[in-house]
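For reference, the chains in residue letters:
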Amino acid sequence: MELKNKNAIITGGGGAIGSEIAKRFLEEGARVIVTDNNQKALDGVYDKLKGMGEIFTKSADVTDESSVLDLVNFAEKQFSGGRIDILANVAGIAPFKHFIDTDIESFQKVMDINLKGTFLVSRMVSKKMISSGGGSIINMSSTNGILAEEGLTGYNASKAAIILLSKTMALELGKYGIRANSVCPGWIRTELQDKSGLPREMIDNYIKKIPLGRSGKTSEVADLFVFLASDRSSFITGTEIVIDGGQICQE
Ligand SMILES: NC(=O)c1ccc[n+]([C@@H]2O[C@H](COP(=O)([O-])OP(=O)(O)OC[C@H]3O[C@@H](n4cnc5c(N)ncnc54)[C@H](O)[C@@H]3O)[C@@H](O)[C@H]2O)c1
């Protein structure tokens, strides 16, 4: 078991990838707090995973400082010694809007959830990790944080910023034993794409560009989170790991 006795928080844990990460963390022996701003999704994840180990759910909005503070206080109470060893920042949205049509509200919203949310939760959890002697923070970026994609203006910008935010965290927090990395998935088949209204043609074009000839699985992304959360990645910090079936090596 890679994460035995480790305490983990997963934001966006009600979603497709976040809930899979929660499942894999539990399988590896971690105690897990799954958090999301969608209570119904949290209830569903709890029902599905409760038999697998120590799982708690807590509703929180990652864009709201007092809500994040509540979450961290909740973690301190639930976890032995109040320690948080692992933070996976997975909450995110991907609205499909061309640059010229992007209004300030939708731009602000995607930056708030994807970037400000990652910053806020990481900052509060880091303070706890500093006092408990270290931890691993894994921030969900995307291949869109490395290469731009038409129609995802705010998303591209937010995911690129997450990579540099993570590097800054790695620089400043290394001396406390805290590692910070980002994960850049390519095409992972989930409901997110359907909700964002991506055109069918765009989906087909994606698959054509992937050398492995298929979209990725949520379980494959979750396995990478397990690795970065575990002591096996103890000398890896300040980097971004692409998991895309080879897609962006040819773009
Ligand atoms: N699916 C892909 O192909 C893909 C590729 C690259 C990166 N990603 C990233 O992975 C992450 C998860 O994606 P997914 O496909 O599981 O999407 P999803 O929509 O299933 O999950 C996202 C979760 O974030 C939650 N959330 C949204 N706003 C929130 C807020 N303010 N506070 C707390 N929670 C909030 C949602 O309720 C949802 O449960 C996202 O950050 C996404 O950008 C996904």
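Cut-offs applied
Residue indices begin from 1 for each chain and proceed along its sequence in written order. In keeping with the model being predicted, local features are shown solely for residues with a pLDDT of at least 70 and side-chain atom pairs are shown and tallied solely at 80 or more, while totals for entire chains, interfaces and linings include all residues. Hydrogens and water molecules were not included; the side-chain quantities draw on all heavy atoms of the structure. Under the DSSP-based scheme used, a helix requires at least four consecutive residues in state H or I and a strand at least two consecutive residues in state E, with every element numbered from the N terminus. Residue exposure (1.4 Å probe, protein chains only): buried if accessible area is under 20% of the type maximum, exposed if over 50%, otherwise partly exposed. What makes two residues a contact is simply this: any of their non-hydrogen atoms within 4.5 Å. We get accessible surface area from the Shrake-Rupley algorithm with a probe of 1.4 Å; when it comes to residues, only the shown protein chains can shield them. Only four residue types enter the tally: Lys and Arg on the positive side, Asp and Glu on the negative side; His and the chain ends are excluded. Just so you know, the charge point we use is NZ for Lys, CZ for Arg, CG for Asp and CD for Glu. We call a set of buried Ala, Val, Leu, Ile, Met, Phe, Trp, Tyr and Cys residues a nonpolar core when their side-chain atoms join them within 4.5 Å. By convention in this text, a residue qualifies as near a molecule or strand provided that one of its non-hydrogen atoms is within 4 Å of it. Polar contacts, as counted here, are pairs of nitrogen or oxygen atoms within 3.5 Å of one another; within protein the pair requires one atom able to donate a hydrogen and one able to accept it, and residues that are adjacent in sequence qualify only if both atoms are side-chain atoms. For this classification, the nonpolar set comprises Ala, Val, Leu, Ile, Met, Phe, Trp, Tyr, Cys and Pro, the charged set comprises Asp, Glu, Lys and Arg, and every other residue, Gly included, is treated as polar. Between the first and last residue of a helix there are one fewer steps than residues, each counted as 1.5 Å, and that sum is the expected span. Two strands qualify as a pair provided DSSP detects at least 2 bridges between them. Axis geometry follows a simple rule: fit a line to the C-alpha atoms, using only the stretch in contact for helices, then measure angles between N-to-C directions, giving values from 0 to 180 degrees. Note on definitions: salt bridges are taken to be side-chain nitrogens of Lys or Arg within 4 Å of carboxyl oxygens of Asp or Glu.

Description of the overall build of the protein
Here's step 1: A count of helical and extended segments in the protein gives eight helices and seven strands.
Here's step 2: In terms of overall dimensions, the protein has a C-alpha envelope of 50 × 40 × 40 Å along the principal axes.
Here's step 3: The burial tally for the protein puts 51% of its 251 residues in the buried class.
Here's step 4: Partitioning the contacts of the protein with sequence separation of at least 6, the portion at a separation of at least 24 is 73%.
Here's step 5: Within the structure as shown, the protein displays about 11,600 Å² of accessible surface, and the carbon and sulfur contribution to it stands at 53%.
Here's step 6: When the 29 positive and 31 negative side-chain charges of the protein are each reduced to one mean point, those points stand 5 Å apart.

Some remarks on the environment of Leu115
Here's step 1: If you trace the backbone, Leu115 turns up in helix α4 (residues 104-132).
Here's step 2: Taking the C-alpha atoms as reference points, Leu115 and Leu165, separated by 50 residues in sequence, lie 8.6 Å from one another.

So, the nonpolar core
Here's step 1: Ile10, Ile21, Phe25, Val32, Val183, Val221 and Phe225 are the most contacted members of the largest nonpolar core, which totals 30 residues.
Here's step 2: Broken down by secondary-structure element, the contributors of at least two residues to this core are β1 (7-11), α1 (16-27), β2 (31-36), α2 (39-49), β4 (86-89), β5 (135-140) and α8 (218-229).
Here's step 3: Take this core: its biggest share by element is seven residues, from α8.
Here's step 4: Setting aside chain neighbours within four positions, we find Val183 in contact with Ile138, Asn139, Met140, Ser141, Ser142, Val221, Leu224, Phe225, Leu228, Ile241 and Ile243.
Here's step 5: One finds Ile113, Val125, Leu165 and Leu173 within the second-largest nonpolar core, a separate group that totals 27 residues.

Observations regarding the site of the ligand
Here's step 1: Ile17, Asp36, Asp61, Tyr155 and Ile188 are the nearest of the 28 residues found near the ligand.
Here's step 2: Contacts to the ligand include Val90, whose backbone N or O atom sits 2.9 Å from an oxygen atom.
Here's step 3: In the complex, the protein chains occlude 93% of the 830 Å² of accessible area that the ligand would expose alone.
Here's step 4: Residues of the shell around the ligand, tallied by class, amount to 12 nonpolar, 12 polar and four charged.

Focus on α4
Here's step 1: For α4, with 29 residues, the first-to-last C-alpha span of 40 Å sits near the 42 Å given by 1.5 Å per residue.
Here's step 2: Residue Gly133 follows α4 closely and has a positive phi angle near 100 degrees.

Notes on the sheet that holds β4
Here's step 1: Ordered in space as β3-β2-β1-β4-β5-β6-β7, the seven strands form an open sheet in which the pairing is parallel. The open sheet has two free edges, formed respectively by β3 (55-59) and β7 (240-243), since each of these has just one partner strand. This sheet shows a mean twist of 20 degrees between the axes of neighbouring strands, independent of strand direction.
Here's step 2: Pairing between β1 and β4: four bridges, direction parallel.

Describing the side chain of Thr153
Here's step 1: Of note, Thr153 is situated in helix α5 (residues 153-173).
Here's step 2: Ignoring sequence-local partners within four residues, the contact set of Thr153 consists of Lys97, His98, Phe99 and Thr102.

Notes on the pattern of salt bridges
Here's step 1: In the structure shown here, the tally under the stated rule is 15 salt bridges.
Here's step 2: A salt bridge links Arg24 to Asp223; its shortest N-O distance comes to 2.6 Å. On the criterion of sequence distance, the pair formed by Arg24 in helix α1 and Asp223 in helix α8 is long-range, its members being 199 residues apart.
Here's step 3: A salt bridge links Lys167 to Glu240; its shortest N-O distance comes to 2.8 Å. Placement of the pair is Lys167 in helix α5 and Glu240 in strand β7, with a sequence separation of 73 residues.
Here's step 4: The class of Glu240 is partly exposed, set by a relative accessible area of 28%.

Description of the environment of Lys50
Here's step 1: Relative to the helices and strands, Lys50 resides in the loop between α2 and β3.
Here's step 2: Since its relative accessible area comes to 45%, Lys50 is described here as partly exposed.
Here's step 3: For the pair formed by Lys50 and Lys23, sequence separation is 27 residues and the distance between their alpha carbons is 9.7 Å.

Observations regarding unusual backbone geometry
Here's step 1: With a phi angle near 65 degrees, Asn5 is a residue other than glycine that sits in the positive phi range.
Here's step 2: According to the relative accessible area criterion, Asn5 is partly exposed, its value standing at 48%.

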